[in-house]
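# Residue-level structural notes
What follows is the residue order along each chain.
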Amino acid sequence: MPAEAVRVDPAPFSGSYDPADVTFLMKPVALAPTAVADKEAAIQSGKRHYSEMIAPERVPGPDYLALYDAALARNGARLAQDVASLAAHLAERADGREVVLVSLARAGTPIGVLLARTLRAHGHPAVHYSVSIIRDRGIDRVALAHIAARHDPTQAVFIDGWTGKGAIGGELRATLADRPMGFAPTLAVIADPAGQADIAATDDDYLIASGLLNGIVSGLVSRSILNDAVVGPGDFHACVTYPQFAAADRSQAFVDTLAPLAIAALPQPIDGHAARRPALVDACEAMLADLLVRAGTQDRNRIKPGIAEATRALLRRMPERLLVRDAADPDVAHLLHLATEHGIPVEPLDAASRYRAVAIIRSLGDDQ
């Protein structure tokens, strides 16, 4: 086994959340981080898949954390309302049966916690697991088997925070096309500007505060890892945990702040989303086609549409530019902060775009 990788106990755990809030079906491991530039070069050259490596994480500085606090204060009530509406829809869909929330680590995890708390507060039985899904590699079937042994897979709903261009939604549909163990690829999200979710509270690409941060708002857990050095047969997909960041952790505070608001909110109907999906998909594809030409690439993976996806690109990738629809929009203030900090050029995005921001990843070679 490589010196940088060490196996660790694969038992289910709850990260920095209350154990009643979530069970992570992931395997905590120790894995040396790969520098962002080295990781990007390995991905773009095809030498390694992104899931085999983990980039370094750090606690953001006070200016950036202040932008997170402002986003939570500004949009928290809206997010709580959307959680309430989504929870009510899932409860009606379950018709008295247990709702099995399977959040997609890690952006789905805070949303899954809020949904579980809201459902239970209104008397609806719910359980919440967080599992790994990886583009081009699929969902963790070991984790699904763990859930299927304990709950009815036909009641499972997969939870994410938002859609960017739909890569994860497509991966979920592909990996569950054969309905393994009875699981269906039902995806529920807060915001679905790409039209890729089965259930969504809104189509608007608005700033969901948890999208500003990495592990310190997701239970001190990294994104998932699928590397043969640390994941063997029968193992859950892996992750790294960050107990060293406990003093800066916002995970519990985020859900403790919003859950009471979601529980108290009056749910709004969200049934109209399904009818809007085809137009959303068409608009997203048209935008992607335009941006691929603008970026001079055929690689869709270099285009990161949406506030949250652009944020992740600026935090842990190597963007060549940031596009924003309205530079005065407070929902992109943190992106402009990161762009200034890292010297990333900012350009205008089509004012008619449903997306408020898009990041384009820098090419490190000929990707034509």
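Criteria and thresholds
- Residues numbered from 1 in each chain as written.
- Predicted model: local features only at pLDDT ≥ 70, side-chain atom pairs only at ≥ 80, totals over all residues.
- Heavy atoms only, no water.
- Helix = DSSP H or I, 4+ residues; strand = E, 2+ residues; numbered from the N terminus.
- Rg over C-alpha atoms; globule rule 2.2 N^0.38 Å.
- Buried < 20%, exposed > 50% of the residue type's maximum accessible area, 1.4 Å probe, protein only.
- Contact = heavy atoms within 4.5 Å.
- Areas by Shrake-Rupley, 256 points an atom, 1.4 Å probe, with all protein chains shown as cover.
- Pairing = 2+ DSSP bridges.
- Axes fitted to C-alpha atoms, helices over the stretch in contact; angles between N-to-C directions.
- pLDDT = per-residue confidence, 0-100.
- Polar contact = N/O pair within 3.5 Å; in protein donor to acceptor, adjacent residues only side chain to side chain.
- Phe/Tyr/Trp six-rings, centres within 6.5 Å; stacked < 30°, edge-to-face > 60°.
- Lys NZ or Arg CZ within 6 Å of the ring centre and 35° of its normal.

Another aspect to go through is the overall build of the chain. A tally of helices and strands in the chain yields nine helices and 16 strands. For 368 residues, the compact-globule estimate of 2.2 N^0.38 gives 21 Å, and the C-alpha radius of gyration of the chain, at 19 Å, lies within 12% of that figure. Each principal axis of the C-alpha atoms in the chain carries an extent, and together these give about 50 × 50 × 45 Å. Looking at the chain as a whole, 58% of its 368 residues are labelled buried. Within the chain, counting contacts between residues at least 6 apart in sequence, those at least 24 apart form 77% of the total. Approximately 14,100 Å² of the chain is accessible, and the part contributed by carbon and sulfur atoms is 54%.

Turning to unusual backbone geometry, a few remarks are in order. Between Ala105 and Arg106 the backbone carries a cis peptide bond, its omega angle lying at 5 degrees. Backbone geometry places Asp95, a non-glycine residue, at a positive phi of 55 degrees. Note on placement: Asp95 falls in the loop between α2 (62-94) and β5 (99-104). Positive phi outside glycine occurs at Asp136, with the angle close to 75 degrees.

One open sheet holds the four strands; their spatial order is β13-β16-β14-β15, and the pairing between them is mixed. Where the open sheet ends on each side, the last strands, each with one partner, are β13 (303-305) and β15 (346-348). The mean angle between the axes of side-by-side strands here comes to 25 degrees, regardless of whether they run parallel or antiparallel. As paired elements, strand β14 (residues 319-324) and strand β16 (residues 357-361) share five bridges and run antiparallel to each other. Counterpart to Leu322 in the pairing with β16 is Ala359. Sheet contacts for helix α8 (residues 307-316): β13, β14 and β16; angle to β16, the most-contacted strand, approximately 35 degrees. In the packing of helix α9 (residues 333-342) onto the sheet, the strands contacted are β14, β15 and β16, and the crossing angle to β14 comes to about 150 degrees.

Taken over all residues, the pLDDT of the chain has a mean of 93, while the share at 70 or more is 96%. Counted against residues more than four places away or in other chains, residues 1-9, with its pLDDT under 50, gives 26 contacts.

Before going further, it helps to examine the sheet that holds strand β6 (residues 126-131). Strand order in the open sheet formed by six strands is β2-β6-β5-β9-β10-β11, with parallel pairing between adjacent strands. Each edge of the open sheet is held by one strand with a lone partner, namely β2 (23-24) and β11 (199-202). Judged from the four bridges that link them, strand β9 (residues 156-162) and strand β10 (residues 187-191) form a sheet pairing that is parallel. Bridge assignment links Ile159 to a residue of β10, and that residue is Ala188.

Before going further, it helps to examine the side chain of Arg356. Position of Arg356 among the secondary structure elements: in the loop between β15 and β16. Separated by 3.1 Å, the side chains of Arg356 and Asp204 make a polar contact. At 3.1 Å, the side chain of Arg356 forms a polar contact with the side chain of Asp331. Discounting chain neighbours no more than four positions away, the residues touching Arg356 are Arg78, Asp204, Asp205, Tyr206, Ile307, Leu323, Val324, Arg325, Asp329, Asp331, Val332 and Leu349.

Before going further, it helps to examine the packing of aromatic side chains. The full count for this structure, using the stated rule, is four aromatic pairs. Between the aromatic rings of Phe158 and Phe183, the centroid separation amounts to 6.2 Å while the plane-to-plane angle is 50 degrees, which identifies the pairing as tilted. Of this pair, Phe158 sits in strand β9 while Phe183 sits in the loop between α5 (167-175) and β10, and the two are 25 residues apart along the sequence. Judged by its relative accessible area of 0%, Phe158 falls in the buried class. Phe183 gets classed as buried once you look at its relative accessible area, which sits at 0%. Centroid distance Tyr242 to Phe245: 5.5 Å. Interplanar angle 20 degrees. Geometry classified as stacked. Grouping residues by exposure puts Tyr242 and Phe245 together as buried. Here the aromatic cluster, defined as three or more aromatic residues joined through ring pairs, consists of Phe13, Tyr17 and Phe24. Directly above the ring of Tyr206 sits Arg78, whose terminal nitrogen or CZ lies 3.8 Å from the centroid.

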